[in-house]
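Overview (structure and organization)
Residues per chain, in single letters:
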Number of protein chains: 2
Amino acid sequence: MNFPSKLIEDAVNEISRLPGIGKKTALRLALHLLKHKESVSEDLANAIISLRKDIKYCISCHNISDLEICSICSGNRRDKHIICVVEDIPDVLAIENTSQYNGLYHVLSGVISPIQGIGPDELNIESLIERIRNPTSSDKVEEVILALPATMEGDTTSFYITRKLKELQVKVSTIARGIPVGGELEYTDEVTLGRSILTRVNYSAD
Amino acid sequence: MNFPSKLIEDAVNEISRLPGIGKKTALRLALHLLKHKESVSEDLANAIISLRKDIKYCISCHNISDLEICSICSGNRRDKHIICVVEDIPDVLAIENTSQYNGLYHVLSGVISPIQGIGPDELNIESLIERIRNPTSSDKVEEVILALPATMEGDTTSFYITRKLKELQVKVSTIARGIPVGGELEYTDEVTLGRSILTRVNYSAD
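Residues numbered from 1 in each chain as written. Chains lettered and ligands numbered in written order. Predicted model: local features only at pLDDT ≥ 70, side-chain atom pairs only at ≥ 80, totals over all residues.

1. With respect to the overall build of chain A
A tally of helices and strands in chain A yields seven helices and six strands. Reading the secondary structure of chain A in the N-to-C direction produces α-α-α-β-β-β-α-β-α-β-α-β-α. Taken over C-alpha atoms, the radius of gyration comes to 22 Å for chain A, far larger than the 17 Å a tight globule of 206 residues would show. Buried residues in chain A amount to 28% of all 206 residues. Considering only intrachain contacts with a sequence separation of at least 6, the fraction spanning at least 24 residues in chain A is 44%. (Helix = DSSP H or I, 4+ residues; strand = E, 2+ residues; numbered from the N terminus. Rg over C-alpha atoms; globule rule 2.2 N^0.38 Å. Buried ≥ 20, exposed ≤ 12 C-beta atoms within 10 Å, placed from the backbone. Contact = placed C-beta atoms within 7 Å.)

2. A few points about the pairing of strand E4 (residues 104-107) of chain B
Residue and element names in this part refer to chain B. Residues Leu-104 and His-106 of E4 are buried on one face, and the alternating residues Tyr-105 and Val-107, pointing to the opposite face, are buried as well. In this sheet, E4 lies alongside strand E3 (residues 82-86) in parallel orientation, the contact comprising four bridges. Counterpart to Cys-84 in the pairing with E4 is Tyr-105. A crossover connection joins E3 to the parallel E4 through helix H4 (residues 89-98); in handedness this β-α-β unit is right-handed. (Pairing = 2+ DSSP bridges. Right-handed = clockwise from strand over helix to strand, strands pointing away.)

3. Concerning the sheet that holds strand E4 (residues 104-107) of chain A
Residue and element names in this part refer to chain A. Within the open sheet, the four strands sit side by side as E4-E3-E5-E6. Their pairing is parallel. Every interior strand has two partners, whereas the edge strands, E4 and strand E6 (171-174), have only one. Ignoring strand direction, the axes of neighbouring strands in this sheet form an average angle of 25 degrees. In this structure, strand E3 (residues 82-86) lies alongside strand E5 (residues 143-147), joined through five bridges in parallel fashion. Counted as the bridge partner of Val-86 is Ala-147 from E5. (Axes fitted to C-alpha atoms, helices over the stretch in contact; angles between N-to-C directions.)

4. So, the interface of chain A and chain B
Taken residue by residue, the interface counts 48 residues in chain A and 48 residues in chain B. Listing elements by their share of the side of chain A that touches chain B, those giving two or more residues are helix H1 (6-15), helix H2 (23-35), helix H3 (38-54), strand E2 (64-65) and helix H4 (89-98) of chain A. Among the elements that make up the side of chain A that touches chain B, the one with the highest residue count is H3(A) (14 residues).

5. Looking at the environment of A:Ile175
All names here are of chain A. As for its position among the elements, Ile-175 is in the loop between E6 and helix H7 (190-198). Note on Ile-175: 14 C-beta atoms within 10 Å, which makes it partly exposed. Residue contacts for Ile-175: discarding those within four places in its chain leaves Ile-145 and Ala-147.

6. Re the pairing of E3(B)
Here E3(B) lies mainly inside the structure; five of its five residues are buried. What you see with E3(B) is no split at all: B:Ile82, B:Cys84 and B:Val86 on one side and B:Ile83 and B:Val85 on the other are buried throughout.

7. What about the relation of the copies chain A and chain B?
Turning chain A through 180 degrees and shifting it by 0.0 Å along the axis lays it on chain B, with an RMSD of 0.1 Å. Both chain copies can therefore be described as sitting about a two-fold axis. The C-alpha atom lying nearest the rotation axis in chain A is that of A:Ala45; the distance is 2.2 Å. Both copies share a contact surface, since 100% of the interface residues of chain A are interface residues in chain B too. (Least-squares fit on C-alpha atoms with pLDDT ≥ 70 in both.)

8. Observations concerning unusual backbone geometry
Positive phi, close to 60 degrees, is recorded for A:Ser99, a residue that is not glycine. Within the secondary structure layout, A:Ser99 lies in the loop between H4 and E4.

9. A short note on helix H6 (residues 152-165) of chain A
Residues and elements named next belong to chain A. For H6, built from 14 residues, the straight-helix expectation of 20 Å at 1.5 Å per residue is met to within 8% by its first-to-last C-alpha distance of 20 Å. Of the positions making up H6, those classed as buried are Thr-157, Ser-158, Ile-161 and Leu-165. Seen end-on, H6 carries its buried residues on one side only, within an arc spanning 100 degrees. In H6, the exposed positions angled more than 90 degrees off the buried face are occupied by Phe-159 and Arg-163. Looking at the buried side of H6, the elements it contacts are E3, helix H5 (126-133), E5 and E6. (Expected span 1.5 Å × (residues − 1). Arc of directions from axis to C-beta.)

10. Considering H4(A)
Every buried residue of H4(A) is listed here: A:Ile89, A:Val92 and A:Leu93. Projected down its long axis, H4(A) carries its buried residues within an arc of 95 degrees, all on one side. Facing away from the buried side of H4(A) by over 90 degrees, the exposed positions are A:Ala94 and A:Thr98. Those residues of H4(A) that are buried lie in contact with E2, E3 and E4 of chain A together with helix H2 (23-35) of chain B. A:Ser99 lies just past H4(A) and shows a positive phi near 60 degrees.

Right, here's the structure in full:
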């Protein structure tokens, strides 16, 4: 694509570096910014810069935070006896949005993947063990919920963490895999369906 | 969606103001920026700010330009006897990418749309008439090609411009509407097919 201006070429190149945005979409976004007030572009640019510059991560759970300890870890109403282990930050947001979980989190920032050269030392696993071994507050961690992706890498990571936690006398559980709510049995793949039968739960009509 | 940090909330809100980008995509983009070096975010922000701040428009054709007169209008090899009238800047890029046109352009920055309150005075129509009436160089404009969208608004604008140009002794043409190259007759809508028959062109097997 030939651009009539170096400025628009630069902007399109930078915007199209974002994942899932090609040159044509980038051009559309750049022209959108040109059609609107200068403050729209400035607000966007400032938000991006200060996000990257001033962002902090919670020293306890490694979630994004405005302070040294995030609002979940420091929350009075959270159950500090349970830690839910997730791959990355969007997973925390996803679980929080369900309003079904009231415990703490631990963000690994990835999963073990030998192909991509990510070993246990690249992840926040050691700090998880440390959190359980030496709790900062008087609350002893009683349960660790593994909420990692149902992939080979996720399963490997779950297995590794479970082995590491064995000596620490903590209950380890994993989120249920099964048929999504509203899903049809006949269209579910056999691995999921098989797992949902093996991990069936008691049913009561109360 | 509840965000763990004000910074990420601001960034997501600003990014999701862009057309076609929702909150979830905006969050994905924000987390992408967080995973990469600070310079990636800075380059993006700077490109956006300088695009909006320093952009110039060609005083002759209203296309985006780094100088007062754009590279097309000042180009030595361009045919200055033809002006192609387009709705907006992406149309210039699209036509330039075909490598089939060597004349000049005129960007209207919209089309006449009474519903949206856009009349002829909001568009760069007067400056088009002026370009033809009083050419800056010795090259008289001989033809105006209307390359406006095949919508009610586009047709209205074409009609308005044609009426305005009547007294100026300039040839007015419009780009051909018809079946796209590679398109199948049976799947083409009847308006397009009908128009492609009415505006049939001579065929030679040379």
